[in-house]
Amino acid sequence: MSYRLQEQPFEWIDRSKTVSIEVEGRPMKGFAGDTISSTMLANGVIHMGRSFKYHRIRGPLSFANHDVNALLENSDKTHVRGDVELAEDGLKLKGCNTIGGIAKDKFRHLSLLSRFLVVGFYYKGLFKPRALRPFWERIIRESAGLGKVDLNWRGGRKSKRYGFCDVLVIGAGPAGMAAAKAAAESGAKVMLVDENAQIGGSLDYQYANDDSVADARKELKDAVLNNEKIEVHTSSVAVGWYTDNWMPINTPNGIIKVRANQVVMATGLFEQPSIFHKNDVPGVMLASAAQRMIARYAIKPCEVAAMVVANEDGYRAALDLLKAGVKINAIADLEDHEDRGELAKQVKAQGVQIYDHHGIYEVEGKDRVSSATLCPLNASGELDTTRKTTVPCDGVMMSVGWAPATHMLFQCKADIKYDATIGQFRAQSLPEGMFAAGRVNGVFDIRDQIADGAGAGQQAAAAAKGEASDAQRPAPTTVRQSHDYPIFSHPKAKNFLDYDEDIQLKDFLNAAKEGFDNIELIKRFSTNGMGPSQGKHSNMNGIRILAKHTGKSIDETGSTTARPMFHPTPVGHLGGRRFRAERLTPMQPSHVANKAVFMEAGAWLRPEYYDTEPTRQECIHAETKAVRTGLGIIDVSTLGKIEVFGPDAPEVMDRICTMRMSNMQIGMTRYALVTDEAGVITDDGVVVRYAEDHFYYTTTTGSSDSAFRTLQKHILEWGLKAEAVNRTGQLQAMNLAGPLARKKLQPLTDIDLSEENFPYLAARTGHVFGKPVTLARVGFVGELGYEIHCLAGDAAEIWDGLMKECADVGIRPFGVEAQRLLRLEKGHVIVTQDTDGLTNPYEAGMPWAVHMKKDFFIGQRSLQILKPMQSRALHGFMFPEGYNGATPKECHLLIKDGEINGRITSVSFSPTFNRYLGLCYVEDMDAKVGDAIQIRLDDGALVEAELVSLPFYDPEGKRQTCDVDGAEEKVA
Amino acid sequence: MKNLKLEKAQNLEMWHIRGQAAPAAIGSLSCGTPEMFKINSFSNLGFTTSTGRTEFYLVDEKGGSVAAELKAKAGEPDTFLFPRQDALFVLSGEGWKEMMLRVTAFNFEAANDNDFVMANMAGVSTWFRVSSDDPNQVLFGCDHTYGPYLYETLSDVIEEVKAL
């Protein structure tokens, strides 16, 4: 039997091209343009999937992915939406959420247990006994979810892009096309977006056989497709609204992030099902679904139909069915067909039996509907089940009402109220920059829809230009389009409210009876609207049921919040192309050539160590040894570098740093400690004074931007005559350190490096290899050393030159790990490693860095208060020599009398001292050098260490003043 | 977008001019004083612009005459010259604005003639010289250390859009 009809006037299929797909091993043929669902139907397959909870067999419902009855999967995609995804040649699919396939799903009889699986059963039934919870949890977890994730999935990212337009029109139906046309003709740049594969909307399936709209259709389509001011995106979904009309459009090629001056929502409606016994049996579908099948894919929905209708659209669908050769055995009109107008008369004239004031009570059929039973409605709107009329049919079409696609109107805070005249929610007022048109706006007559769209387009175009518009808009319809309560109870239940979640009428009512009488609460408890279709076919009926149960109006009951995304959106689309900005210093090629192993430090890539020895630790120790005994060089370009200048620059530096900077001599450096208003250490570095009114200030790696922002902000707030420039990327820096530093550097520079001219903590400007530099004699690693700051364009040449000229003494580049060890031996603190979000300078053992006698610095008042309130202090500690137990680590706790008494902030094995040493906070202000501390290691063992004075290495600082002990000569 | 081309502009130098006397220093150059956030072009890619009351940028060919005039101002009171060292690039070819939609939220179609634009591109703070004299190319620059990342990223995006 062929389910394919003769050619339809606006069909989407290309009959000249066939495609072959395979669903669960069954080969199927379709045409180019067919969806997976239409291909299955064309091949006589109506079973498209299994339901989520009871694994009931399901067929097409909306045929527009407003439900997930047709949800499939393959190795590439966890979810393939059969209703809207194209049948591409060679596609192989299987059912989602089945064990053994759609036909022979092992759980297919689960609905027999439905009386035990009531809504919220897992909250209640599985709560006790407690010992069984893990068992039930495993069962629930294995059963939950739709689709099997391929853990070897490799990404499949789609690039995002930005888009801009004067007017963004969502929905390319009659109102949307008219809006786009009118806006473009008013001079606006327009973007028109529709989730369907082709423009036209309801014009091409609900009005496909209505010759009276033929001219309007042609005019609109021609105008939209041929106007260069209109950019059309089909198969593209506006997935959300964000502030200032920022709307992501999910296209097949990735997301377009559109910033629209004005937006016209012509999003239309979702048809809603009637709720009756076994309303999910395959063959029961929305009337608009049947129209889509016929008009778009030339698929005959069934041979013999029964219908339940509550509006004129139902009769329009009936006429389409008749024209497609479907026999209609009965139409149950929930009201009176005499009120439906001309279309009802045409249907009746074709001999169709219409049952006024009737509803469908139940249908029969297991794999496909075989009959429908109609009952009359009594005065209270309930079915009189004593008077049944059963008609045979293999299809049941429901046309009882609509729910507007107001999701993004809710998101933009439109004032949306229930319009009882029409029977749907409608925006009473809209925020600036937003327009609604067509049926979502309550305008139903097709000519009115077009006029409404045109008016909205003109208004939006005018608003984009900042002009007023006198465009006329038709009033919303005064004819009710949706029935107040197309919902009917049945003693055997199986009357589904939410097809995604298998929620029956009794489930929802029971939830309400349990006290979940708020629409948001009952949604969570019952899970109504929480499936993949997010309430598109169930939310409105849920509101109606709750309103009736509570005796409240629809408005009083309210609607749930519609959050983005409008449709499920692939993670690969949300991720887009990966833009992970990375900073490299000019010395990167040299680091690579020297076998650097890199680590991330904020956006920077820094050498952690150089892989020249058999193990990581041996590499680090070899680098450490080179600095202690010969010569090492480290790339410290990642330090923040800020210049502060102007008449008030000294005042600025005094206020920013805890130490006084205004009394520093020109050509000297000083340690710079920075605290916030709470007295918490936030940064440290070195300040160089170039001139009375000119300072150069380094910050820690990663904080240059925040330090610069803070500086700029305060300069403006304080009204001081000073300026700041962030030169972090413009200048690069390297630290040449070791006893041979001066000896090897002197021949390469025009700066006199003698102790007399260039003492410890001095800074000088000059040249190295003829390149302009600033040299600073600072000693973070505890050896004679020169920080060389230079222009980025010169840095690589200087670095490579030093490596070459110092090769004779075995210069080694050293990485971050060796530097950490070297500074630890010297007892220097690393801000954010040895400090936390509460540490003040007194706790960190740096009272010497706080100059309270200054008039002001940031954090001064807090530190005055905190100074006498210290409860912890930073100490150095050492393990006994020869300790060979588990490795102590940063953040290991200090334990005293069974209680936490502090924690380690830095620890490492020191080759210089041949033992572990580190820094720790001790929460005991009486703790002193020589005291024993207990440290709990990973294995739970407590080990003893001893508090020692800081620094561990060279406490007199002789190594930094060079020539001491003849170190240079010894090495030489 | 088939003829898009990204090149490193290595023959240019860039200066950042700050200080209370910066406006006077810029005003004395032969190229004239630029308007705020407007390009004041004086050669093929050379230009000055102002980004604040006392803040200016100058781009010139290496060894160019205007840069030489500027460098002569070094050391003058309240005039601070900083060589920027930015990574500089030229993107040329029809459709460069369309390609930019894939990497920056700034709408170049809406830019006015000779705007000096500062925007985030592919996660990097970047400035752009948009000149009506050169509608088919844009000069842009960023922090030196982001240069390799930006060049590689943009090259990938260009290859992607060329394949469309």
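The coordinates are above.
Let us look at the structure shown here. (Residues numbered from 1 in each chain as written. Chains lettered and ligands numbered in written order. Predicted model: local features only at pLDDT ≥ 70, side-chain atom pairs only at ≥ 80, totals over all residues. Heavy atoms only, no water.)

## Notes on unusual backbone geometry
All names here are of chain A. For clarity, the cut-off: Each helix is a run of H or I in the DSSP string that is no shorter than four residues. Each strand is a run of E no shorter than two, and both are numbered from the N terminus.
The amide bond that connects P564 to the next residue, M565, takes the cis arrangement and shows omega of 5 degrees. By the secondary structure assignment, M565 is in the loop between α14 (554–557) and α15 (571–575). Cis geometry is adopted by the peptide bond preceding P951, which originates at L950 and carries an omega value of -5 degrees. You will see that D954, though not glycine, has its phi angle at about 50 degrees, which is positive.

## Here we look at the packing of aromatic side chains
Operational definition: To pair, rings of Phe, Tyr and Trp, with the six-membered ring standing in for Trp, must have centres within 6.5 Å; the planes then decide the type, stacked if under 30 degrees apart, edge-to-face if over 60, and tilted in the middle. A simple rule labels every residue: compare its accessible area, found with a 1.4 Å probe on the protein chains alone, to the largest value its type can have, and call it buried under 20%, exposed over 50%, or partly exposed in between. Sitting over a ring, as applied to charges here, requires NZ of Lys or CZ of Arg to be within 6 Å of the ring centre and within 35 degrees of the ring normal.
Under the defined criterion, the tally for this structure stands at 28 aromatic pairs over all chains. Here F63 of chain A and Y297 of chain A contribute two aromatic rings whose centre-to-centre distance is 5.7 Å and whose plane-to-plane angle is 85 degrees, an arrangement assigned as edge-to-face. Here F63 of chain A, found in the loop between β4 (57–58) and β5 (71–73), pairs with Y297 of chain A, found in helix α6 (residues 287–297); they are 234 residues apart in sequence, far enough to count as distant. Accessibility classification places F63 of chain A together with Y297 of chain A in one group, the buried group. Ring geometry for Y162 of chain A against W246 of chain A: centres 6.1 Å apart, planes inclined by 35 degrees, an arrangement best described as tilted. Of this pair, Y162 of chain A sits in strand β8 (residues 161–170) while W246 of chain A is found in strand β12 (residues 246–251), placing the two residues 84 residues apart along the sequence. Classification of Y162 of chain A by relative accessible area gives buried; the value is 15%. An aromatic cluster of three or more residues is present, and its members are F89, W96, F106, F108, F128, F140 and Y151 of chain B. Taking NZ or CZ as reference, R872 of chain A lies 4.4 Å from the ring centre of Y921 of chain A, over its face. In this structure, K8 of chain B is placed above the aromatic ring of Y151 of chain B, and the distance from its NZ or CZ to the ring centre is 4.5 Å.

## Overview of the side chain of H233 of chain A
Residues and elements named next belong to chain A. The condition that has to hold: The term polar contact refers here to a pair of N or O atoms within 3.5 Å; inside protein, the definition further demands a hydrogen-donor-capable atom paired with an acceptor-capable atom, and it admits residues adjacent in sequence only when both atoms are side-chain atoms. The contact rule is simple, with two residues in contact once any of their heavy atoms fall within 4.5 Å.
Note on placement: H233 falls in strand β10 (residues 230–233). Exposure remark for H233: the relative accessible area of 14% places this residue in the buried category. A polar side-chain atom of H233 sits 2.6 Å from a polar atom in the side chain of E231. Aside from chain neighbours lying at most four places away, what touches H233 is R161, M191, L192, V193, D194, T251 and I256.

## So, the nonpolar core
Residues and elements named next belong to chain A. What counts is decided by this rule: Buried residues of nine kinds, namely Ala, Val, Leu, Ile, Met, Phe, Trp, Tyr and Cys, make up a nonpolar core once their side-chain atoms join them within 4.5 Å.
The biggest cluster of nonpolar side chains holds 81 residues, and the ones touching the most others in it are I36, M307, I328, I331, V363, V396 and M397. The residues touching M307, leaving out its near neighbours within four places in the chain, are A287, G314, A317, A318, L321, I328, A330, I331, A332, I360 and M397. Counting 45 residues, the second largest nonpolar core, distinct from the first, contains V263, A414, I487 and I503.

## With respect to the interface of chain A and chain B
Accessible area lost when the parts come together is the quantity often used to give the size of an interface. Convention followed: Reported buried area values correspond to the accessible surface (1.4 Å probe) lost by two parts on association, with both partners' losses combined. Between Lys or Arg on one side and Asp or Glu on the other, a salt bridge is scored when a side-chain nitrogen of the former is within 4 Å of a carboxyl oxygen of the latter. Note that Gly is not counted as nonpolar here; it falls among the polar residues with everything else outside the nonpolar set of Ala, Val, Leu, Ile, Met, Phe, Trp, Tyr, Cys and Pro and the charged set of Asp, Glu, Lys and Arg.
Taken together, the 30 residues of chain A in the interface contact 31 residues of chain B. Between chain A and chain B, a total of about 2,700 Å² is buried, with carbon and sulfur atoms accounting for 58% of that surface. Applying the counting rule to chain A against chain B returns 3 salt bridges. With a closest N to O distance of 2.6 Å, R577 of chain A and E160 of chain B form a salt bridge. At the junction of chain A with chain B, the criterion picks out 14 residue pairs in polar contact (both at pLDDT 80 or more). At the level of elements, β8, β32 (640–645), β36 (723–726) and α21 (792–805) of chain A are the ones that each hand at least two residues to the side of chain A that touches chain B. Each residue belonging to the side of chain A that touches chain B can be placed in one class, and the counts come to 13 nonpolar, 7 polar and 10 charged.

## Here we look at helix α7 (residues 312–323) of chain A
Residues and elements named next belong to chain A. What counts here: Expected span, for any helix, means 1.5 Å times one less than how many residues it has.
Taking 1.5 Å per residue as the helical rise, α7 with its 12 residues ought to reach 16 Å, and the 17 Å between its terminal C-alpha atoms agrees with that figure. Counting buried positions along α7 gives 10 out of 12 residues, so the element sits mostly inside the fold. By the burial criterion, the buried members of α7 are D313, G314, Y315, R316, A317, A318, L319, D320, L321 and L322. A positive backbone phi angle near 95 degrees is found at G325, which sits one or two residues after α7.

## Thoughts on the sheet that holds strand β35 (residues 694–699) of chain A
Strand pairing in a sheet takes place through backbone hydrogen bonds and is either antiparallel or parallel in direction. Residue and element names in this part refer to chain A. For the record, the criterion: Between any two strands, at least two bridges found by DSSP are needed for them to pair. Only the stretch in contact is used when fitting a helix axis, every axis being a line fitted to C-alpha atoms; angles between N-to-C directions are given from 0 to 180 degrees.
Across the sheet, which stays open at both edges, the 5 strands sit in the order β33-β34-β35-β32-β36 with antiparallel pairing between neighbours. Each edge of the open sheet carries a strand with a single partner, namely β33 (669–675) and β36. Within the sheet, the average angular offset between the axes of one strand and its neighbour, ignoring direction, is 25 degrees. Two elements, strand β34 (residues 681–691) and β35, share 4 bridges in a ladder whose sense is antiparallel. Each bridged residue has a counterpart across the sheet, and for A691 the counterpart in β35 is H694. On the sheet, helix α18 (residues 649–656) packs against β32, β33, β34 and β35 and is oriented at approximately 25 degrees with respect to β35. Packed on one face of the sheet, helix α19 (residues 704–718) meets β32, β34, β35 and β36 and runs near 165 degrees to β36.

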